[in-house]
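Structural description and commentary
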Amino acid sequence: MQIVEIREALRQAIDEEMTRDPRVFILGEEVAEYNGAYKVTKGMLAKWGPERVIDTPISETGFVGLAIGAAQTGLRPIVEFMSWNFSFVAADQLISNACKAHYMSGGRFKVPIVFRGPNGAAAQVSCQHSHCVEAIYGNLPGFYVIAPGNAYDAKGLLKSAIRSNNPVIFLENELDYGEKMEIPTEEYFVPIGKAKVVREGKEVTLVSYSRMLKFCKEAADEMAKQGIAVEIVDLRTIKPLDIATVASSVRKTHRCVLVEEGHIFTGISAEVGFQIMEHCFDELDAPLVRVCQRETPMPYSKILERETLPNKERILVALQEVLA
């Protein structure tokens, strides 16, 4: 076993897949000479050279289009967005080409490509650098959407994503890159489309993913002091959604709170909540409750930023509401 940060787990996944398959390469702003904006690609230029670790101009439309063409003609690119907010510059390439090419070509062209980088809010980077994109890209048939919450899942899911023949939206978090945990030194994979119960409980289910799991665990710890066992389900993959694991938990606890960093209107929790209602309506002993980002662009102020985002205190209020 080894103790690694999330950024190192991601780097290992990329390096292992580049070793295994010469068609895999990575491109993006500052991934080569600067070792990556968040040091995920540290040392890779020296190891693999400029043909497989490629610095790009500040032109998302250009390098995303290039990568999509490369994927359609047999290569397996990994595109790093310095921020997922910058992917909006390449919206036409992503929306009109990446997720539709396989369908529009009648299955003749596959698009085995991974788009990855930090999603959501960091610390005081304001609204143009803080958007959560999963609900936007999750609305588009053709994309897989993955959002790991720890180093083990980050490495295992990224390896699975790189080997997938589908275009993958791989969402990380800037504030979590330094989070450490123990992972195996030998090769392993985490399957796409499989959620995980990360804490067993019987009174209420908390459903979340990515960075918000930290606050869910803090809230569950507080509830445990009162003798209330909270079950936590980590979605890990947002699309395809493992509603079976979520529904199994809700049928056990009969209550559910959904937590996401994104906005509440047309968010991921809205979709998951509706599917819970479809599958578990007669099992619910209380209405579903959602804890999401406030319906405002992200402010710059630390105080307002904290008020806007989900946190332990807001999750505790929601848990107490469904248990009342």
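A brief report on the enclosed structure follows. (Residues numbered from 1 in each chain as written. Predicted model: local features only at pLDDT ≥ 70, side-chain atom pairs only at ≥ 80, totals over all residues. Heavy atoms only, no water.)

1. Details of a nonpolar patch on the surface
- On the surface, a nonpolar cluster with roughly 320 Å² of combined accessible area is contributed by F274, M277 and F281.
- Within the secondary structure layout, F274 lies in helix α10 (residues 268–280).
- Taking the relative accessible area as the measure of exposure, F274 reaches 46% and is therefore partly exposed. (Patch = residues over 30% accessible without salt bridge, like charges linked within 9 Å, V, L, I, M, F, W, Y side chains within 5 Å. Areas by Shrake-Rupley, 256 points an atom, 1.4 Å probe, with all protein chains shown as cover. Salt bridge = Lys/Arg side-chain N within 4 Å of Asp/Glu carboxyl O. Helix = DSSP H or I, 4+ residues; strand = E, 2+ residues; numbered from the N terminus. Buried < 20%, exposed > 50% of the residue type's maximum accessible area, 1.4 Å probe, protein only.)

2. Things to note about the packing of helix α9 (residues 243–253) against α10
- Two elements in contact, α9 and α10, have axes whose closest approach is 10 Å; the angle formed by their N-to-C orientations is 65°. Handedness of the crossing formed by α9 with α10: right-handed. Contacts between α9 and α10 involve I243, V246, A247, V250 and R251 from the first element and V272, Q275, I276, H279 and C280 from the second.
- Its residues assigned to classes, the contact of α9 with α10 shows 7 nonpolar, 2 polar and 1 charged. (Axes fitted to C-alpha atoms, helices over the stretch in contact; angles between N-to-C directions. Left-handed = near helix turned anticlockwise from the far one by under 90°. Contact = heavy atoms within 4.5 Å. Nonpolar A, V, L, I, M, F, W, Y, C, P; charged D, E, K, R; others polar.)

3. Examining the pairing of strand β14 (residues 289–293)
- Burial analysis of β14 places 4 of its 5 residues in the buried class, which makes it a mostly covered element.
- Examined bridge by bridge, strand β13 (residues 256–263) and β14 share 4 bridges and lie parallel to one another. From the neighbouring strand, V259 faces β14, where its bridge partner is V291.
- Read from β13 through α10 to β14, the crossover connection turns out right-handed. (Pairing = 2+ DSSP bridges. Right-handed = clockwise from strand over helix to strand, strands pointing away.)

4. Concerning the nonpolar core
- Counting 44 residues, the largest nonpolar core has V64, V79, F115, F143, V246 and I276 as its most contacted members.
- Among the secondary structure elements, those contributing two or more residues to this core are β2 (24–28), α3 (60–72), α4 (91–98), β7 (168–172), α9, β13 and α10.
- Among all residues touching V246, those that are not within four sequence positions of it are V207, V233, L235, V272 and I276.
- Among the nonpolar cores identified, the runner-up in size contains 31 residues, and L45, V114, L158 and I162 belong to it. (Core = buried A, V, L, I, M, F, W, Y, C linked by side-chain atoms within 4.5 Å.)

5. Description of the environment of A270
- Within the secondary structure, A270 is located in helix α10.
- Among the residues examined, A270 registers a relative accessible area of 28% and is labelled partly exposed.
- Look past the residues within four positions of A270 in its chain and what remains in contact with it is E260, I264 and R290.

6. Examining the state of the cysteines
- Counted by the stated rule, this structure contains 0 disulfides.
- For C216, which is in no disulfide, the shortest distance to another cysteine sulfur is to C256 and amounts to 10 Å.
- Residue classification places C216 among the buried positions, given a relative accessible area of 0%.
- Between C292, a free cysteine, and C132, which holds the nearest cysteine sulfur, the sulfur-to-sulfur gap is 9.9 Å.
- Residue C292 is classed as buried on the basis of its relative accessible area, which comes to 3%. (Disulfide = S-S within 2.5 Å.)

7. Here's the deal with the pattern of salt bridges
- Under the counting rule described, the total for this entry stands at 24 salt bridges.
- For K252, the salt bridge identified is with E200, shortest N-O distance 3.0 Å. With a gap of 52 residues between them, K252 in helix α9 and E200 in the loop between β9 (196–199) and β10 (204–208) connect regions that are remote in the sequence.
- The class of K252 is partly exposed, set by a relative accessible area of 37%.
- The residue K225 makes a salt bridge to E222 at a minimum N-O spacing of 3.2 Å.
- Via salt bridges that share partners, E16, E17, R20, D21, R23, K155, K159, R163 and E187 belong to a single interconnected network.

8. Comments concerning the packing of aromatic side chains
- Applying the stated criterion across every chain, the model contains 7 aromatic pairs.
- Between the aromatic rings of Y137 and F143, the centroid separation amounts to 5.9 Å while the plane-to-plane angle is 90°, which identifies the pairing as edge-to-face.
- Classification of F143 by relative accessible area gives buried; the value is 2%.
- Site record: aromatic cluster; members linked through ring pairs are F63, F81, W84, F115, Y137 and F143.
- If you follow K39 out to its NZ or CZ, it ends over the ring of Y34, 3.6 Å from the centre. (Phe/Tyr/Trp six-rings, centres within 6.5 Å; stacked < 30°, edge-to-face > 60°. Lys NZ or Arg CZ within 6 Å of the ring centre and 35° of its normal.)

9. With respect to the sheet that holds β7
- Pairing within the open sheet is mixed, and its 7 strands lie in the order β3-β2-β4-β5-β7-β6-β12. One side of each edge strand has no neighbouring strand; the edge strands of this open sheet are β3 (53–55) and β12 (237–239). Ignoring which end each strand starts from, the neighbouring axes of this sheet average 20° apart.
- When β2 meets β3, the two strands line up parallel, connected through 3 bridges. If you follow I26 over to β3, its bridge partner there is V53.
- Relative to β2, helix α1 (residues 6–20) is tilted by about 135°, and along the sheet it contacts β2, β3, β4 (76–80), β5 (114–118) and β7.

10. Comments concerning the packing of helix α8 (residues 212–224) against helix α12 (residues 312–323)
- The N-to-C vectors of α8 and α12 enclose an angle of 55°; their axes lie 9 Å apart at closest approach. With respect to α12, the axis of α8 lies oblique. The two elements α8 and α12 meet at a crossing, and its hand is right-handed. Where α8 approaches α12, its residues F215, C216, E218, A219, E222 and M223 are matched on the opposing element by K312, I315, L316, L319 and L323. (Parallel < 35°, antiparallel > 145°, perpendicular 65-115°, else oblique.)

No statement about biological role is implied by the geometric values presented.
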